[in-house]
Amino acid sequence: MRLYTLKDTVTYSIKVWLSTALAAPLLLFLILGIAINGTQADEIVQAAPMLGFMVVYGLLLSIPAMIVFWLIGHTLFKRSSYRNTKSVLSVYGLASVWVSFYFFDKGLPDRGPQQYLWVLIYACTMLGCVWIVPLRSGMHPSASP
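Parameters and conventions
- Residues numbered from 1 in each chain as written.
- Predicted model: local features only at pLDDT ≥ 70, side-chain atom pairs only at ≥ 80, totals over all residues.
- Heavy atoms only, no water.
- Phe/Tyr/Trp six-rings, centres within 6.5 Å; stacked < 30°, edge-to-face > 60°.
- Helix = DSSP H or I, 4+ residues; strand = E, 2+ residues; numbered from the N terminus.
- Buried < 20%, exposed > 50% of the residue type's maximum accessible area, 1.4 Å probe, protein only.
- Patch = residues over 30% accessible without salt bridge, like charges linked within 9 Å, V, L, I, M, F, W, Y side chains within 5 Å.
- Areas by Shrake-Rupley, 256 points an atom, 1.4 Å probe, with all protein chains shown as cover.
- Salt bridge = Lys/Arg side-chain N within 4 Å of Asp/Glu carboxyl O.

(A) Looking closely at the packing of aromatic side chains. The final tally for this structure, using the stated rule, is eight aromatic pairs. Plain terms: the ring middles of Tyr12 and Phe69 are 6.1 Å apart, the flat faces sit at 20° to each other, and that makes the pair stacked. In this pair, Tyr12 is assigned in helix H1 (residues 6-36) and Phe69 in helix H4 (residues 63-79), connecting sequence segments 57 residues apart. The exposure class of Phe69 is buried, given its relative accessible area of 1%. Look at Phe101 and Tyr122: their rings are 5.3 Å apart centre to centre, the planes differ by 65°, and that puts the pair in the edge-to-face class. Here Phe101 is found in helix H5 (residues 82-104), whereas its partner Tyr122 is found in helix H6 (residues 113-132), with 21 residues between them in sequence. Each member of the pair, Phe101 as well as Tyr122, is classed as buried.

(B) Summary view of a nonpolar patch on the surface. A grouping of Met50, Phe53, Tyr57, Val99, Tyr102, Phe103 and Phe104 is seen on the molecular surface, where their side chains present a nonpolar patch of about 750 Å² in accessible area. Sorting the residues of the nonpolar patch by element identifies helix H3 (48-61) and H5 as the ones contributing at least two each. Examining the composition of the nonpolar patch, we find that four residues originate from one element, H5, more than from any other. Note on placement: Val99 falls in helix H5.

And the structure:
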């Protein structure tokens, strides 16, 4: 088992947080806008301010969840294997996305399937970021030190 520094775990958590907050709204726009609703690309470009708002709003609302994410990661990276830690962070990440949407979007179950697609896209993006972002720069994301 390798020792990871505070800097390693803080940097990793920030990268996962920022990657999720930037990629999920973009994916949401592309999937809902173009693939499902048939929106034209120029309409997506015109909606850029809304995309920016979604990124900032998501960053602000996810601060508490990402602090817990960092605490879990920092503790487990010191005590458990790399893969086990990322597995636990994956489960936490999925749960935190669902809980965040539930608390900040009252009535989530009443809004229909398209609202669940929002949550699913954010959750899958978070899951992907947990596994793609390396703990240390230059380290392959699937490495198992």
